[in-house]
Number of protein chains: 2
Amino acid sequence: MSTHLQREVEKLKNKIIALAATVEKAVQEAVKAVGTRDASLAQKVIDGDAAIDRTEVDIEEDCLKLLALYQPVATDLRFIIAAMKINNDIERVGDIAGNIAERAMSLGDQPPVKEPVDFAQMNKKALAMFRASLDALMNQDAKRARQVRAMDDEVDTLNREIYDKIRAALRKNPEQVDALLNYSSISRLLERVADGSTNIAEDVIYLVEGDIVRHKPVSPE
Amino acid sequence: MSTHLQREVEKLKNKIIALAATVEKAVQEAVKAVGTRDASLAQKVIDGDAAIDRTEVDIEEDCLKLLALYQPVATDLRFIIAAMKINNDIERVGDIAGNIAERAMSLGDQPPVKEPVDFAQMNKKALAMFRASLDALMNQDAKRARQVRAMDDEVDTLNREIYDKIRAALRKNPEQVDALLNYSSISRLLERVADGSTNIAEDVIYLVEGDIVRHKPVSPE
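Here the structure is a predicted model, which means the values were calculated and not measured.

**As for the overall build of chain A**
Helix and strand counts for chain A stand at six helices and zero strands. Helices and strands in chain A line up, N terminus first, as α-α-α-α-α-α. Along the first, second and third principal axes, the C-alpha atoms of chain A reach 65 × 40 × 20 Å. Taking all 221 residues of chain A together, 54% fall into the buried category. In chain A, the proportion of contacts linking residues at least 24 apart, taken out of those at least 6 apart, comes to 85%. Summed over all atoms, the accessible surface of chain A reaches about 9500 Å², with 50% contributed by carbon and sulfur.

**Observations regarding the relation of the copies chain B and chain A**
With an RMSD of 0.0 Å, the operation that places chain B on chain A is a rotation of 180° combined with a shift of 0.0 Å along the axis. In symmetry terms, the pair is related by a two-fold rotation axis.

**Let's talk about the packing of helix α6 (residues 177-209) of chain A against helix α6 (residues 177-209) of chain B**
The contact between α6(A) and α6(B) brings their axes to 12 Å, and the two run at 50°. When the axes of α6(A) and α6(B) are compared, the pair comes out oblique. Between α6(A) and α6(B) lies a crossing of right-handed hand. Contact residues: α6(A) offers A:Leu181, A:Ser185, A:Arg188 and A:Arg192, while α6(B) offers B:Leu181, B:Ser185, B:Arg188 and B:Arg192. Considered class by class, the residues forming the contact of α6(A) with α6(B) number two nonpolar, two polar and four charged.

**Notes on the pattern of salt bridges**
Under the defined criterion, the tally for this structure stands at 38 salt bridges over all chains. Put simply, A:Asp203 and A:Lys85 hold a salt bridge, and the shortest N to O gap is 3.4 Å. In this pair, A:Asp203 is assigned in helix α6 and A:Lys85 in helix α3 (residues 74-108), connecting sequence segments 118 residues apart. Each member of the pair A:Asp203 and A:Lys85 is classed as buried. Put simply, A:Asp164, A:Arg167, A:Arg171 and B:Asp178 are held in one network by salt bridges that share partners.

**Quick look at the interface of chain B and chain A**
Listed as interface residues are 35 residues of chain B and, on the opposing side, 35 residues of chain A. Here chain B meets chain A over a buried area of about 3500 Å², counting both sides, of which 56% is carbon and sulfur. Along the contact surface separating chain B from chain A lie eight salt bridges. Between B:Asp89 and A:Arg92 there is a salt bridge, and its shortest N-O distance comes to 3.0 Å.

**Structural notes on α3(A)**
Spanning 35 residues, α3(A) covers 51 Å between terminal C-alpha atoms, matching the ideal 51 Å at 1.5 Å per step. In terms of residue burial, α3(A) counts as a mostly covered element, since 25 of its 35 residues are buried.

**Remarks on the packing of helix α5 (residues 142-172) of chain A against α6(A)**
Residues and elements named next belong to chain A. Direction vectors running N to C along α5 and α6 enclose 170°, while the axes themselves pass 9 Å from each other. The angle between the axes of α5 and α6 places the two elements in the roughly antiparallel class. Considering only residue class, the contact of α5 with α6 consists of 17 nonpolar, five polar and nine charged.

**So, unusual backbone geometry**
Residues and elements named next belong to chain B. Of note in this structure, Gln71 is not a glycine but carries a positive phi near 40°. Take Gln71: it is sitting in the loop between α2 (39-70) and α3 (74-108). A positive phi angle, close to 50°, is found at Ala74, a residue other than glycine. Tracing the backbone shows Ala74 in helix α3.

**Quick word on α5(A)**
Note that an α-helix has 3.6 residues per turn; residues three or four places apart therefore point the same way. Counted at 1.5 Å a residue, the expected span for α5(A) with its 31 residues is 45 Å, and the 46 Å between its end C-alpha atoms agrees. The backbone nitrogen of A:Lys143 lies 3.1 Å from a side-chain oxygen of the residue at the head of α5(A), namely A:Asp141.

**Considering the side chain of A:Ser187**
All names here are of chain A. Here Ser187 shows up in helix α6. Take Ser187: its relative accessible area is 2%, and that puts it in the buried class. The residues touching Ser187, leaving out its near neighbours within four places in the chain, are Phe119, Met122, Asn159 and Ile162.

**Some words on the packing of aromatic side chains**
Residue and element names in this part refer to chain B. Under the criterion given, the structure shown has two aromatic pairs over all chains. Between Phe119 and Tyr183, the aromatic rings sit 5.8 Å apart at their centres with planes inclined by 50°, giving tilted as the arrangement. Within this pair, whereas Phe119 is found in the loop between α3 and α4 (120-138), its partner Tyr183 is found in helix α6, the two being separated by 64 residues in sequence. For the pair formed by Phe119 and Tyr183, the shared burial category is buried. Between Arg78 and the ring centre of Tyr206, over which it is positioned, the NZ or CZ distance is 5.6 Å.

**Quick look at the environment of A:Ser40**
Its place among the elements puts A:Ser40 in helix α2 (residues 39-70). Along the chain, A:Ser40 and A:Ala101 lie 61 residues apart, while their C-alpha atoms are 9.9 Å from each other.

**Observations concerning the confidence of the model for chain A**
This prediction gives chain A a mean pLDDT of 93; 95% of its residues lie at or above 70. Among the prediction metrics, the complex's ipTM stands at 0.88, with pTM recorded as 0.91.

What counts, and at which threshold
- Residues numbered from 1 in each chain as written.
- Chains lettered and ligands numbered in written order.
- Predicted model: local features only at pLDDT ≥ 70, side-chain atom pairs only at ≥ 80, totals over all residues.
- Heavy atoms only, no water.
- Helix = DSSP H or I, 4+ residues; strand = E, 2+ residues; numbered from the N terminus.
- Buried < 20%, exposed > 50% of the residue type's maximum accessible area, 1.4 Å probe, protein only.
- Contact = heavy atoms within 4.5 Å.
- Areas by Shrake-Rupley, 256 points an atom, 1.4 Å probe, with all protein chains shown as cover.
- Least-squares fit on C-alpha atoms with pLDDT ≥ 70 in both.
- Axes fitted to C-alpha atoms, helices over the stretch in contact; angles between N-to-C directions.
- Parallel < 35°, antiparallel > 145°, perpendicular 65-115°, else oblique.
- Left-handed = near helix turned anticlockwise from the far one by under 90°.
- Nonpolar A, V, L, I, M, F, W, Y, C, P; charged D, E, K, R; others polar.
- Salt bridge = Lys/Arg side-chain N within 4 Å of Asp/Glu carboxyl O.
- Buried area = accessible area lost by both parts, 1.4 Å probe.
- Expected span 1.5 Å × (residues − 1).
- Polar contact = N/O pair within 3.5 Å; in protein donor to acceptor, adjacent residues only side chain to side chain.
- Phe/Tyr/Trp six-rings, centres within 6.5 Å; stacked < 30°, edge-to-face > 60°.
- Lys NZ or Arg CZ within 6 Å of the ring centre and 35° of its normal.
- pLDDT = per-residue confidence, 0-100.

Here is the structure:
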């Protein structure tokens, strides 16, 4: 790799890591706003999405410039393509944070729920996957990326448990339908954070091993 | 463009169109299975997802080969990058068809709903967007792509109407919670078909105009 391209790729990595950190914080705050019914925190997350969107576009333009200027091959080409796709997935997780924040706002307008759902564990696991998928990218570590794929099942299980809880609550307290449907959305949105992290992990495995693992059964190392 | 690359790009286009046609049919059949509670049709859609996944991987490998072999620049580079992203979005719509089919299976296990939701109109509009976004790609027609973005609002409105209907039904018939939650999922899934089509349209606009329009306000024309 030319020293110049190497420098550009380092810059690209740093931008991606910074974007991922911003997005992770947005998810954290959105879920916090759900629990505390903090409308101003939720609004902050919603307002923050525009900056995430701008950074995504900026990173994509960088990738296209690198492709056009350096016409990289082999590992470098694969890294830049993976970076483009992962950038896109990170931004989509940012959108999800905004969607969760909107649910928090909506919950704030409704009377308190008798049996509120606690999303702490699901949020923790989904964001652990997100962080691990980015770690795997930075260290080009396919083993770490495979762990992310295996973790997805745990989040699916939590999602199903929460769904069952909401379903039972809807039968018992149909007058709380608005709040309970918001809970149902939030659970599904957190599950999509996990799915997005799995997508990132799969792109890392491809990057490292040149093997498209998407749609193959999970085999945790 | 070299004649050889031109031929390869034409092949790539044909593969993408064929994949999109398969995915469109899968969504059609999944929604049909919801209305008719046809478990064997739903199972067919679920089983068909593996072939869609394989084709996506195949197309992605083609794109990577073209990038590595021809090191294209300018329009050709942009087309191949757009094709990779759009291929990914088409496959995700395929996943959504599978998810709708799963909801159809689940509905089939439940007693008939007093006021069933009709998804025909939402399905029609979402698939019109999907088709139009692919037309825009094939004809490199940014105007057509902009129409897709504008249509997204109509689907959002339908989604909101269906949501209100389901919410009212949940209050009135809480014993039908299982079926009604399935309806709520299906509505959200169709809305994601529309979102996927919007993503495709935005990539087409970028391809044609070199302008990243994602996250910009919609201005039809």
